Amino acid sequence: MLGVSIICEGKLKEKYLRDACAEYEKRLGAFCRLSITELTPKRLPENPTEGEIKNALSSEGREILSKIPNGAMVYAMCIEGRELASEELASKLENCAVRGFGNVAFIIGSSYGLSDEVKQRADFKLSMSKMTFPHQLARVMLLEQIYRGFKISSGAKYHK
């Protein structure tokens, strides 16, 4: 069974988002070994300078890189990444095992994004959309798409 790791900066603040994630975590249990690692984003002043942001991202990046499972296929969630249809994500998840990856890791950075080091480590840069969504919603959307990908691969009716 494929291991799926989600490594993310920050905790979900709203109960409805935690509940949605819990539902997808439960559903995904039939398809993969899921783990979610919540890291604490670096504190920044109200109006941080570009240098302060870069230093925070670098520090967060080192911690993120230390949490990636050995031998994992790494997907960095970033705005400059490539958008995929749900069927394409399903195919990529299927191909992980075929290519010898026992684990796939999805990285969600802080509201300022991801460090260059994390993006360079990534095997694939993935964007959810050209639209802007609340940062806290990213984890719910990602979990739903991973679930949808597994349902597509299994031939179930969930995907329409």
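Rules behind the numbers
Residues numbered from 1 in each chain as written. Predicted model: local features only at pLDDT ≥ 70, side-chain atom pairs only at ≥ 80, totals over all residues. Heavy atoms only, no water. Core = buried A, V, L, I, M, F, W, Y, C linked by side-chain atoms within 4.5 Å. Buried < 20%, exposed > 50% of the residue type's maximum accessible area, 1.4 Å probe, protein only. Helix = DSSP H or I, 4+ residues; strand = E, 2+ residues; numbered from the N terminus. Contact = heavy atoms within 4.5 Å. Right-handed = clockwise from strand over helix to strand, strands pointing away. Pairing = 2+ DSSP bridges. Expected span 1.5 Å × (residues − 1). Arc of directions from axis to C-beta.

What follows is about the nonpolar core. Ranked by internal contacts, the top residues of the largest apolar core, which has 30 residues, are Val4, Ile6, Leu93, Val104, Phe106, Ile146 and Phe150. Contributing elements (two or more residues each) for this core: strand S1 (3-9), helix H1 (15-28), strand S3 (73-83), helix H3 (86-98), strand S4 (103-108), strand S5 (124-127) and helix H5 (138-154). In terms of residues, this core owes the most to one element, H5, which gives seven residues. Those residues in contact with Phe150 that sit more than four places away from it in its chain are Leu2, Val4, Leu28, Phe31, Cys32 and Leu93.

A few words now on the pairing of S1. Taking burial as the measure, the seven residues of S1 include seven buried ones, the bulk of the element. Burial along S1 is two-sided: Gly3, Ser5, Ile7 and Glu9 and Val4, Ile6 and Cys8, pointing in opposite directions, are all buried. Each parallel crossover has a hand, and for S1 linked through H1 to strand S2 (residues 33-39) it is right-handed. Relative to S4, S1 is paired through six bridges, and the arrangement is parallel. Looking across to S4, one finds that Gly3 is bridged to Asn103.

So, on to helix H2 (residues 50-67). Counting along an α-helix, one turn takes 3.6 residues, and residues three or four places apart therefore face a common direction. For H2, which comprises 18 residues, the first-to-last C-alpha distance of 26 Å matches the rise-based estimate of 26 Å (1.5 Å per residue) to within 8%. The complete set of buried residues in H2 reads Ile53, Ala56, Leu57, Glu60, Gly61 and Ile64. For H2, the arc enclosing every buried residue in end-on projection is 140°, short of the 170-degree limit, so these residues lie on one face. Residues of H2 that are exposed and point more than 90 degrees away from the buried face comprise Lys54, Asn55, Arg62 and Ser66. Looking at the packing, one finds that the buried side of H2 touches S1, S2, S4 and helix H4 (116-121).

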